[in-house]
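# Fold and contact review
Spelled out, the chains give:
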Amino acid sequence: MIRLRDLQEKALKELMDKFDNYDIFSLQMPTGSGKTLVALAFRYMYDYKTLVCVRTRNQLMPYIRDSVKFFNTMPGIHLNKGRVCLHLNTEDTELIRCRSCPNYKQTASIPPEMFKKLRTALVRTVAREGLTDPYLLVDRIWGKLLEKAKDISRIICPYHLFRLLDGKVLVCTYPFLVYPHLRYYLMNYKPEVIIVDEAHNLEDAFKTGWRSITYEAIVRAREELSEYERNTGNSAKAGYYVLSAVQSWFELINRRYGGIEEKVIEPSEYVDLVKEGDTVLGEYASLVSSIIRYKKERYRRKKVRFFNYRILAFLSLLADVYAGVEDLVLVLNKGRAELRRYRLRRLYRQLFGPFEGAKVIMMSGTMPSVNYLTKVWGIPSEKFYVIDLGTRYGKFTCIINPKVSSKYEYRGREMYYKFARSLVNIYSNARKSVLAVAPSYEFAGEVGRLLPIGSVRLIVEVEGTRVGDVYERVKRGKYIIIAVAGGKLTEGVEWVGDDGSSLISDVVLLGIPFPKPTEYEELVREYISSSANPDLQFLYQKERAWVLIRQAIGRAIRKRDEECTVWFMDWRYRDNWWMYRITGLGTLKR
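We now turn to the structure provided with this report. (Residues numbered from 1 in each chain as written. Predicted model: local features only at pLDDT ≥ 70, side-chain atom pairs only at ≥ 80, totals over all residues. Heavy atoms only, no water.)

Here the focus is the packing of aromatic side chains. Summed over the entire model, instances satisfying the criterion amount to 26 aromatic pairs. With 6.2 Å between their ring centres and 45° between their planes, phenylalanine 42 and tyrosine 48 make a pair best called tilted. Tyrosine 48 gets classed as partly exposed once you look at its relative accessible area, which sits at 22%. Ring geometry for tryptophan 142 versus phenylalanine 162: centroids 6.2 Å apart, planes at 50°, classification tilted. You can see tryptophan 142 sitting in helix H7 (residues 134-148) and its partner phenylalanine 162 sitting in helix H8 (residues 158-164), a full 20 residues away along the chain. A residue is classified by how much of its surface remains accessible, and tryptophan 142, at 5% relative accessible area, is buried. Through a chain of ring-to-ring contacts, three or more aromatic side chains come together here, namely Phe19, Tyr22, Phe25, Phe42, Tyr46, Tyr48 and Tyr385. The cationic tip of lysine 295 hangs over the ring face of phenylalanine 306; the distance from NZ or CZ to the ring centre is 5.7 Å. (Phe/Tyr/Trp six-rings, centres within 6.5 Å; stacked < 30°, edge-to-face > 60°. Buried < 20%, exposed > 50% of the residue type's maximum accessible area, 1.4 Å probe, protein only. Helix = DSSP H or I, 4+ residues; strand = E, 2+ residues; numbered from the N terminus. Lys NZ or Arg CZ within 6 Å of the ring centre and 35° of its normal.)

Below you can see the structure in the form of structure tokens.
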């Protein structure tokens with residue numbers, strides 16, 4: 001039997017003591033305290049049929065690592081079918097049908113003894129090579145099989161094999177929980193326990209677009225129609241009609257609102273196609289089905305995207321929104337039209353309601369408050385139990401700088417320069433690298449441009465930043481890292497040296513990371529305040545910012561005895577709401 005840490009045992013004991021009396025649990029444990037093992041214990045120690053949801057592909061890896069290391073087995077992994085299918089490589093994973101596939105049938109008929117041997121071989125590969133990325137594991141093993149195979153129909157399907165590795169635990173990423181067109185894969189699994197790792201991220205995942213289109217997608221859809229006509233001799237007239245209407249509409253709304261970030265498009269301005277009934281879209285749907293069959297046959301074992309399918313999926317959902325069937329809003333943002341949720345009080349019911357009878361455990365080192373979870377996320381308080389085992393290790397010294405602010409009306413070169421100058425002073429006295437956290441990519445760039453490159457080593461996060469590259473540079477020297485709140489460099493990154501200690505000595509909060517005041521965010525706030533009371537919209541803003549701040553601060557402490565200085569760079573931190581939380585974090589140096 002595995003020996004757990006005291007904190008892990010305490011978490012499991014409290015969960016099991018209350019398990020029969022409550023349906024929903026919030027488990028807060030410090031970063032690095034071993035929440036992964038707590039989640040796996042529900043399968044390997046208590047034998048519950050468990051579904052674990054993690055935010056990203058990288059966060060799948062610890063579950064494979066710890067299952068192999070501590071339990072000498074592999075959990076079931078719900079992979080992206082379109083990424084690992086032996087016949088079709090596509091992002092449109094829902095278009096892959098398995099029932100008639102010979103590889104699926106081959107996998108479903110594996111004798112139990114052979115299945116055990118396959119699982120043992122995977123466990124040995126992970127243990128021997130440290131290869132915990134399931135997609136790289138598939139590439140490594142199945143790549144060799146495909147090179148040698150004369151008949152690929154006799155190869156076992158990696159997607160179904162990984163799902164079946166353990167019949168009582170399945171690990172997946174958030175999209176399969178969040179998007180209804182993907183969630184049915186999980187509903188068929190019928191878990192007894194659903195564990196959500198890094199659950200503070202659920203809100204952002206809930207608000208991501210279900211379906212979307214871009215100008216590039218429309219252009220590529222036209223090219224797809226031309227190819228289909230050219231190679232099949234069939235007419236695509238209905239497709240050209242739909243795409244012409246969609247393109248004209250898309251160009252119009254971009255001319256009107258393209259300069260506005262997260263612009264909410266009113267139903268009166270929706271494309272006319274969704275207001276005209278099912279006739280036109282029905283003809284288009286029939287054509288798209290033919291195109292899908294054609295491309296599946298033509299592009300076997302090649303990467304393929306179905307652009308007309310994406311346009312049709314977007315229009316079909318938009319028609320449902322217009323008819324009042326789906327409760328979403330259309331948002332234009334940076335050249336992309338996407339359909340999003342905005343009623344946060346329905347978060348819990350919409351994500352977990354379909355899993356009737358399942359217990360839900362939300363784990364994080366930075367869970368929002370009980371007040372926020374019940375009033376903003378809509379978690380029913382009578383079924384809800386909170387376990388708070390702390391948010392941090394180490395010792396924090398907190399300093400407030402009242403001479404600067406990220407408030408929008410004060411942003412400008414002079415204010416950015418004040419932030420930059422303070423950052424240089426902090427860096428010159430810091431023992432290790434400095435993690436500066438900006439409210440946005442734009443803010444990070446403005447401050448970064450004003451830093452003296454000759455005097456500091458600088459890394460500024462942009463949307464395409466590769467975490468591994470930044471980490472390798474920071475391991476070799478002292479840097480100022482200007483990261484974005486909620487971005488890649490502040491969420492789930494282990495800034496740890498070879499000796500296990502933190503590479504960060506100072507965290508600098510460049511203002512307060514409030515949500516940008518866009519039309520969409522205003523709609524979210526209005527709904528929250530109208531559904532209960534007006535004060536909730538302020539709770540929404542502050543709680544979200546505080547979660548992002550705690551996530552960033554958590555990057556700096558990896559051991560119990562480590563110390564970190566946290567610089568709160570904004571005069572608004574002197575407000576009583578913030579002061580209460582800052583003094584609870586550590587020693588406030590005045």
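Another point: the environment of threonine 93. With respect to the element layout, threonine 93 can be found in the loop between helix H4 (81-84) and helix H5 (102-108). Residue class for threonine 93 comes out buried when judged on its relative accessible area of 4%. Remark: the alpha-carbon pair of threonine 93 and histidine 181, spanning 88 residues in sequence, is separated by 9.9 Å. Apart from the residues within four sequence positions on either side, threonine 93 is in contact with Asn80, Lys81, Gly82, Leu182 and Tyr185. (Contact = heavy atoms within 4.5 Å.)

Per the counting criterion, the structure on display carries 40 salt bridges. Across the pair glutamate 224 and lysine 295 runs a salt bridge whose closest N-O atoms are separated by 2.6 Å. One end of the pair, glutamate 224, is in helix H12 (residues 215-232); the other, lysine 295, is in helix H14 (residues 279-298), and 71 residues separate them in sequence. Side by side, glutamate 224 and lysine 295 carry an identical accessibility label, which is buried. (Salt bridge = Lys/Arg side-chain N within 4 Å of Asp/Glu carboxyl O.)

All right, on to helix H15 (residues 307-322) then. Count 3.6 residues to each turn of an α-helix, and residues three or four apart come out pointing the same way. Here H15 spans 23 Å end to end across 16 residues, near enough to the 22 Å set by a 1.5 Å rise per residue. In terms of burial, H15 is largely enclosed, as twelve of its 16 residues are buried. Buried within H15 are the following residues: Phe307, Asn308, Tyr309, Ile311, Leu312, Ala313, Phe314, Leu315, Leu317, Leu318, Ala319 and Val321. Along its buried surface, H15 packs onto strand S6 (212-214), H12, helix H13 (237-257), H14, strand S8 (329-333) and strand S9 (336-340). (Expected span 1.5 Å × (residues − 1).)

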